[in-house]
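Now for the letters of each chain:
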Amino acid sequence: MSLKIFVPGDAAALSVGAEAVAKAMTQQIASRRLDASVVRNGSRGMFWLEPLVEVETPRGRIAYGPVTAEEVPGLFDAGFLEGKPHRLHLGVTEDIPYLKKQERLTFARCGITDPLSLSDYVSHGGYRGLERALTLTPQAIVEEVTNSGLRGRGGAGFPTGIKWKTVLNTPSHQKYIVCNADEGDSGTYADRMIMEGDPFVLIEGMTIAGFAVGATSGYIYLRSEYPHAFRQLQRAIAIAYDKGYLGENVAGSGKRFDLEPRIGAGAYICGEETSLLESLEGKRGQIRFKPPLPALKGLFGQPTVVNNVISLATVPIIMDKGAQYYRDFGMGKSRGTLTIQLAGNIKRGGLVEKAFGLTLREAIYDFGGGTASGRPLRAVQAGGPLGAYFPESLLDTPLDYEAFAERKGMLGHGGIVVFDDTVDLAHQARFAMEFCAVESCGKCTPCRVGSTRGVEVIDKIIANQDRVQNLELLGDLCEVLTDGSLCALGGLIPFPVQSAVRHFPEDFDKPAPPPPAFEASKTQETPSWR
Amino acid sequence: MRSNQGWDADRAQARIQELERLPGALLPILHALQDEFGYVDKAAIPLVARALNLSHAEVHGVVSFYHDFRHDEPGRHVLKMCRAEACQSMGCENMIRHVENRLGIKLGGTTEDRSFTVEAVYCLGNCALSPAVMLDGKLYGRVSSDVADFLIDEAKRHA
Ligand SMILES: Cc1cc2nc3c(=O)[nH]c(=O)nc-3n(C[C@H](O)[C@H](O)[C@H](O)COP(=O)(O)O)c2cc1C
Ligand code: SF4
Ligand code: FES
């Protein structure tokens, strides 16, 4: 049997040289006349080890990493095809503690299979969820998802089954499933990984959603910053059509489901579901007033399910193994697994899928190994640009929606960005306001005008101009933003700003510094950069 | 990289016609035009408006709303540099300043010889390998100032 070598085709792995490694592997196989082939799998999500190369042996898959193209001949010389020792040898992949300690449900196949091989997908449990769904009534599918306790992984944590039920119970000749693949939060990449590393699971999840609510058409709204994921999705969708898993007769069921990926255009606000729908309709991505909810009047005015990539990609395993299996993971009102993304200044950055309940500290130290710089950790921002900055003293917070809300923070899409002691929180607060100003959809005044005002006020605080009054003014501004914003961009931007002031007051009390680093790289006003 | 042949109404019209019947066709059309020309020329607005039965103002409003759509032809290479939080924590600001100094332009600008346009982006989904940049659609991780220099040198060598 031909030997299999795995070299990830994931964009992050490619960003540190996986393509050159794959080429070097192919060359060595040819010049040594070996019976081996290179599979371009997804990433296992251990990014500090990328490019992580694996080889299939009787002992299981053996990992080597991080591999450079130059080291490939040496790997062959050392006998890596038999899993023999080498400087980069990491042992049996599944036994690497980082992976072994995880509970991979949504990511069960990511990094293991060939993402574009439907037969790989099916032989690793793929399409069993759909198969079971096809034996159930729509009501029973929705009930199963409700009972699993699955809550939306896009940030708001709304129960997925309840959303589906509303769409199911709203009669219409046309309904839609829209996958929110805008993944705009800094520190997050789980959606990207699954779309590149196991795209069929998203297609299957959306198909099940379609059958559950009676929708025959689906769109994936993908951010334009992910061109590689787009190509991968296009290929996977074409394969699914070709093999009868999409189209007018899905898996021989006689039921129809069509799916099309669409690309966003670089607006963070288009991750908000109503703005996303406007954008899909070809309009400016401005927030819609709610009600009506998208579940009642969504895309083109029709009942629409809008769900995050991870929410939808989790549906197949719930349908396959049952609601009880899934809800047995987790704690309190947060059931199942959370896909934590360790990012920023962290030694072992990567994807950690674990039952809810792990603490920030466990995630950052037990998995992440502390800061990449080796300097003391000073601040952590979870939940993206609208999430709070936590100091070291809050690291024992469990990673669960309610626990974060209690501490005026947000778990969001599960991104955790670590900063060492070189961070300046006044500077970060300023960035948050600047981000809000750049990304505001412009619909309401507090956000549109208040954020620009916020930048000015923080600049004055940093420059030590009337600090006491300006800090008070900043507090008032934040209150106006919280109370007067139509959506969570303006409404939550006070989280990072006020948490910085609250937990790191010393950074707002320094002598006026030379202009902060950011000043130098402030964007030039050009039409392309609003 | 783009074919770089400048604006051409016939080619624009052809791209518009391929897509005009899609539901919500405006963004796909604008992307197609930008793929073709590197930017969305003012002259495209009436063509798109006519095809989709929209007013010029509506089309213009959409073009200007989204950060992606350029109004001017970019340089031969487009370097997008992430300045979001995870990349900040790994010192992207210093790297960005280095690139700005080296090319003699600020974010959003194009070099005089039209070889490079540099743009800011907020997250490229490579936050475990920060700082991240995207050069001509290709993602790079762990981009120190030295790596950035190398990428720029390489791009210059290949045109
Ligand atoms: C400013 C803003 C940005 C958002 N960005 C995203 C995003 O990038 N991806 C996402 O799935 N949800 C995002 N959301 C949440 C969506 O509005 C919505 O709650 C989600 O798509 C619902 O799917 P879920 O229930 O599966 O999480 C954002 C919300 C706001 C207010
Ligand atoms: S808060 Fe900001 S982004 Fe949200 S609707 Fe208002 S202006 Fe738009
Ligand atoms: S924050 Fe820079 S890639 Fe995500």
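Residues numbered from 1 in each chain as written. Chains lettered and ligands numbered in written order. Predicted model: local features only at pLDDT ≥ 70, side-chain atom pairs only at ≥ 80, totals over all residues. Heavy atoms only, no water.

K.L.:
Even after reading the chapter, I still don't get the overall build of chain A, so can you show me in this structure?
P.N.:
Per the secondary structure count, chain A includes 22 helices and 16 strands. Here the C-alpha atoms of chain A give a radius of gyration of 24 Å, agreeing with the 24 Å that 2.2 N^0.38 yields for 530 residues. Dimensions along the principal axes, computed over C-alpha positions, put chain A at roughly 75 × 60 × 45 Å. Here chain A contributes 56 positive and 61 negative side-chain charges, whose respective centroids are spaced 3 Å apart. (Helix = DSSP H or I, 4+ residues; strand = E, 2+ residues; numbered from the N terminus. Rg over C-alpha atoms; globule rule 2.2 N^0.38 Å. Lys, Arg positive; Asp, Glu negative; His and termini not counted. Charge placed at Lys NZ, Arg CZ, Asp CG, Glu CD.)

K.L.:
So what exactly am I meant to see when it comes to the site of ligand 2 here?
P.N.:
Of all residues adjacent to ligand 2, which total 13 residues, the nearest are Ile287, Cys441, Cys444, Cys447 and Cys487 of chain A. Here the shell around ligand 2 is composed, by residue class, of 8 nonpolar, 4 polar and 1 charged. (Near = heavy atom within 4 Å. Nonpolar A, V, L, I, M, F, W, Y, C, P; charged D, E, K, R; others polar.)

K.L.:
I tried to follow the site of ligand 1 on my own but got confused; where do I start?
P.N.:
Residue and element names in this part refer to chain A. Taken together, 20 residues form the shell around ligand 1, and within it Gly154, Asn180, Asn307, Asn308 and Ser311 come nearest. At 3.2 Å, a backbone N or O of Gly184 approaches an oxygen atom of ligand 1. Between ligand 1 and Glu273, the relevant distance is 3.0 Å, taken from an oxygen atom to a main-chain nitrogen or oxygen of the residue. Considered on its own, ligand 1 offers 610 Å² of accessible surface; in the complex 91% of this is hidden by protein. Of the pockets mapped on this structure, ligand 1 occupies the second largest pocket. For the shell around ligand 1, the element with the highest residue contribution is strand β9 (residues 304–308), accounting for 3 residues. (Polar contact = N/O pair within 3.5 Å; in protein donor to acceptor, adjacent residues only side chain to side chain. Areas by Shrake-Rupley, 256 points an atom, 1.4 Å probe, with all protein chains shown as cover. 1 Å grid on protein atoms, 1.4 Å probe; cavity = no way out; pocket = protein on both sides within 12 Å on 5 of 7 lines; lining within 4 Å. Sits in = over half its atoms within 2 Å of the grid points.)

K.L.:
It is not clear to me how the interface of chain B and chain A should be interpreted in this structure. Could you clarify?
P.N.:
Interface extent is often summarised as the accessible area lost during association of the parts. Of the residues lining the interface, 49 residues belong to chain B; the matching set on chain A comes to 72 residues. Taken together, the two surfaces of chain B and chain A that pack against each other cover about 4800 Å², and 58% of this comes from carbon and sulfur. At the junction of chain B and chain A, the tally comes to 1 salt bridge. The shortest N-O distance in the salt bridge between Glu434 of chain A and Arg83 of chain B comes to 3.5 Å. There are 24 residue pairs in polar contact (both at pLDDT 80 or more) connecting chain B and chain A. Mapped onto the side of chain B that touches chain A, the elements with two or more residues apiece are α2 (26–37), α4 (56–65), α5 (85–88), α6 (92–103), β2 (116–121) and β4 (138–140) of chain B. Considering only residue class, the side of chain B that touches chain A consists of 24 nonpolar, 14 polar and 11 charged. (Contact = heavy atoms within 4.5 Å. Buried area = accessible area lost by both parts, 1.4 Å probe. Salt bridge = Lys/Arg side-chain N within 4 Å of Asp/Glu carboxyl O.)

K.L.:
Please explain the sheet that holds strand β15 (residues 389–391) of chain A as it appears in this structure.
P.N.:
For sheets, the rule is that strands pair by backbone hydrogen bonds, running either parallel or antiparallel. All names here are of chain A. Taken in spatial order, the 5 strands of this open sheet run β13-β12-β16-β14-β15, and their pairing is mixed. Both edges of this open sheet fall to β13 (350–355) and β15, since each of them pairs with a single strand only. For this sheet, the mean inter-axis angle between neighbouring strands, taken without regard to orientation, is 30°. Across 4 bridges, strand β12 (residues 337–344) lies against strand β16 (residues 415–420) in parallel orientation. When the bridges of β16 are listed, Ala343 appears paired with Val417. (Pairing = 2+ DSSP bridges. Axes fitted to C-alpha atoms, helices over the stretch in contact; angles between N-to-C directions.)

K.L.:
How do you make sense of the domain arrangement of chain A when you look at a structure like this?
P.N.:
Residues and elements named next belong to chain A. Looking at the assigned domains, one finds that chain A contains domain 1 (3–100), domain 2 (125–327), domain 3 (330–420) and domain 4 (425–508). Just the C-alpha atoms count here: the centres of domain 1 and domain 3 sit 30 Å apart. Between domain 1 and domain 3, the contact holds 5 residues from the first and 9 residues from the second. At the boundary of domain 1 with domain 3, the tally comes to 0 salt bridges. There are 4 residue pairs in polar contact (both at pLDDT 80 or more) connecting domain 1 and domain 3. Across the side of domain 1 that touches domain 3, the residue classes tally to 4 nonpolar, 1 polar and no charged. (Domains from an automatic or database assignment.)

K.L.:
Just checking my understanding: could you explain the environment of Glu406 of chain A for this structure?
P.N.:
All names here are of chain A. Topologically, Glu406 is positioned in helix α16 (residues 401–406). Judged by its relative accessible area of 63%, Glu406 falls in the exposed class. Residues Glu406 and Arg502, 96 residues apart in the sequence, show an inter-C-alpha distance of 15 Å. (Buried < 20%, exposed > 50% of the residue type's maximum accessible area, 1.4 Å probe, protein only.)

K.L.:
How do you make sense of the pattern of salt bridges when you look at a structure like this?
P.N.:
Two side chains of opposite charge can pair, provided their charged atoms sit close to one another. All names here are of chain A. Evaluated as defined, the whole model comprises 45 salt bridges over all chains. Among the salt bridges present, the one from Asp10 reaches Arg192, with a minimum N-O distance of 3.0 Å. Of the two residues, Asp10 sits in the loop between β1 (3–6) and α1 (11–15) while Arg192 sits in helix α9 (residues 190–197), which places them 182 residues apart along the sequence. Side by side, Asp10 and Arg192 carry an identical accessibility label, which is buried. In this structure, the salt-bridge partner of Arg32 is Asp77, at a minimum N-O distance of 2.9 Å. In this pair, Arg32 sits in the loop between α2 (18–31) and β2 (36–39) while Asp77 sits in helix α3 (residues 72–77), placing the two residues 45 residues apart along the sequence. Classification of Arg32 by relative accessible area gives partly exposed; the value is 31%. When its relative accessible area of 59% is taken as the criterion, Asp77 is described as exposed. Linked through salt bridges whose partners overlap, the residues forming this network are Arg44, Glu54, Arg61 and Glu94.

K.L.:
Any chance you could explain helix α3 (residues 44–52) of chain B here in plain terms?
P.N.:
Side chains that are three or four residues apart share a direction in an α-helix, a result of its 3.6 residues per turn. Residue and element names in this part refer to chain B. Listed in full, the buried residues belonging to α3 are Ala44, Ile45, Leu47, Val48, Ala49 and Leu52. Those residues of α3 that are buried lie in contact with α1 (9–19), α2 and α4. Looking one or two residues beyond α3, the residue adopting positive phi is Asn53, at roughly 60°.

K.L.:
Explain the layout of surface pockets here, please?
P.N.:
Estimates place the volume of the largest pocket at around 1400 Å³. Lining the largest pocket are 50 residues, with Ser224, Pro227, Arg231 and Ile263 of chain A together with Asp35 of chain B sitting closest to its centre. No other element matches the 6 residues that α2 of chain B contributes to the lining of the largest pocket. Of the residues that constitute the lining of the largest pocket, the class distribution is 22 nonpolar, 12 polar and 16 charged. (Points joined across faces, edges and corners; volume = space filled by probe spheres on them.)

K.L.:
What should I look at first to understand empty space enclosed by the protein in this one?
P.N.:
Residue and element names in this part refer to chain A. A complete count under the given rule lists 3 cavities of 30 Å³ or more for this structure. Counted as a void, the second largest cavity has a volume near 60 Å³. Lining the second largest cavity are 13 residues, with Ile287, Cys441, Cys444, Cys447 and Cys487 sitting closest to its centre. A class-by-class count of the residues in the lining of the second largest cavity yields 8 nonpolar, 4 polar and 1 charged.

K.L.:
What is the right way to look at the nonpolar core in this model?
P.N.:
Across soluble globular proteins, nonpolar side chains show a tendency to be buried alongside one another. Residues and elements named next belong to chain A. Counting 175 residues, the largest nonpolar core has Trp164 and Met195 as its most contacted members. It is helix α10 (residues 199–213) that provides the largest number of residues to this core, a total of 10 residues. Trp164 has contacts with Ile141, Val142, Val145, Ala209, Ala212, Val213, Val305, Asn307, Leu312 and Val315, leaving out every residue within four places of it along the chain. In this structure, Met46, Phe356, Leu377 and Leu395 belong to the second largest nonpolar core, which totals 32 residues. (Core = buried A, V, L, I, M, F, W, Y, C linked by side-chain atoms within 4.5 Å.)

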